[in-house]
Amino acid sequence: MLILTFGLAMGSPLHGISQNKTIEKLNKHFYPISEEDSASFSYFIMTSLTKDSVKLKRIFDRKNRLIKVIKTEPNTAEDFKEKTTETYDPQGNILSQRIANLANGKFIETFFFDEKQVGQVLFEGNQTYHVIRNGEEKPSMKNSNDFEPQFTEPLETWNLYLLNHLKIDQKKVKEANQRVIVGILVDEVGLVKKVEWANPLGAEPYVAERAIAAVKGWGRNFLPALDSFENPTKKWLYVPISYQKH
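Residues numbered from 1 in each chain as written. Predicted model: local features only at pLDDT ≥ 70, side-chain atom pairs only at ≥ 80, totals over all residues. Heavy atoms only, no water.

Here the focus is the sheet that holds strand E13 (residues 192–197). Across the sheet, which stays open at both edges, the 3 strands sit in the order E13-E12-E17 with antiparallel pairing between neighbours. Edge positions in the sheet fall to E13 and strand E17 (235–244), since each of these pairs with one other strand and no more. Strand-to-strand twist in this sheet, taken as the mean axis angle between neighbours without regard to direction, amounts to 20°. Two strands pair when backbone bridges link them, and strand E12 (residues 177–186) and E13 are joined in this way by 5 bridges, in the antiparallel orientation. Bridged to Val 186 within E13 is Val 192. Taken strand by strand, helix H2 (residues 205–218) contacts E12, E13 and E17, and its axis lies near 40° from that of E12. (Pairing = 2+ DSSP bridges. Helix = DSSP H or I, 4+ residues; strand = E, 2+ residues; numbered from the N terminus. Axes fitted to C-alpha atoms, helices over the stretch in contact; angles between N-to-C directions. Contact = heavy atoms within 4.5 Å.)

What follows covers the pattern of salt bridges. Evaluated as defined, the whole model comprises 8 salt bridges. Salt-bridge contacts for Glu 73 lead to Lys 71; the nearest nitrogen and oxygen are separated by 4.0 Å. Judged on exposure class, the residue Glu 73 and its partner Lys 71 are both buried. With a closest N to O distance of 3.2 Å, Glu 109 and Arg 98 form a salt bridge. Of the two residues, Glu 109 is situated in strand E7 (residues 107–113) and Arg 98 in strand E6 (residues 94–101); the sequence distance between them amounts to 11 residues. Here Glu 109 falls in the buried class, since its relative accessible area comes to 9%. With relative accessibility at 30%, the residue Arg 98 sits in the partly exposed group. Taken together, the shared-partner salt bridges connect Arg 133, Lys 142 and Asp 146 into one network. (Salt bridge = Lys/Arg side-chain N within 4 Å of Asp/Glu carboxyl O. Buried < 20%, exposed > 50% of the residue type's maximum accessible area, 1.4 Å probe, protein only.)

Read these as geometric descriptors, not functional statements.
Structure follows, in C-alpha cells:
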C-alpha cells in the first residue's frame, strides 16, 4: 500500500521524563470527570513532562491496560508543535496512529489491522483529504474524512439550525464562555443510536442539556463511518457547541 506523507516526522525517543506526574479519571469519551464520579469512570490518564518540553499522556483502562498514548513535542526542524496519538486494543495491538501539526491542523492518520497498515488519511487543509484503503494502489481526494461519521447536509445548514434552535435562558447561566462536546453514536446505516454529553467538566449542566436537546431536535440521519475495508461501522461523532453569555 502507498504510504502518504507531508513532512510530519515521527517523534524522537523520550529522555528525562519528569517525576512530576498527574493522574485524572476519564469517561468513555476520554474526557476528564470529577474524582467523585465513579459511575462514568472508564479510563485514567497519566501525564508527564520531560525536560525538553515533551508532554506525554498515557491512557489506561480500569484493568491497567494501555489504550492510548499522546505525545506533544516541538518539531525543531519546522518550528511547530507536533502531536502524535497512538491507540491500542486491550491486547496491546496498535489500531491507529495520528500525527498532527498543531500550528495549521494538518494531520496524517494511519490505521492498522493484525499489525499491518490497512488505511490512511492525509488532511492538507481547505477541506482536502487524501484517503487510501486496503487493496488500493493510490489515494482518492475527498472533501471529508469518511473514516468518521459525516453530516448529510452542508455544515452551514447545521450552523444555521443551531443558531435558530439552541435556546438558552441567560439568567440561568453563570459562566460566560462554555463549550459542550456532544457525542452522537451513528450506526452502520447512519441512524443515531445515542446522544450524550461527552465533556461533563466543560460546561454547566443546564447549557449541556439545551445543547443535547438541540442535537436531538436535528432529526436527520448521518453518513456512517467507513473502516479501512470500506465497510460501514458504528462510531461516535463529536460535535462541539460553544456558548457565550452576552
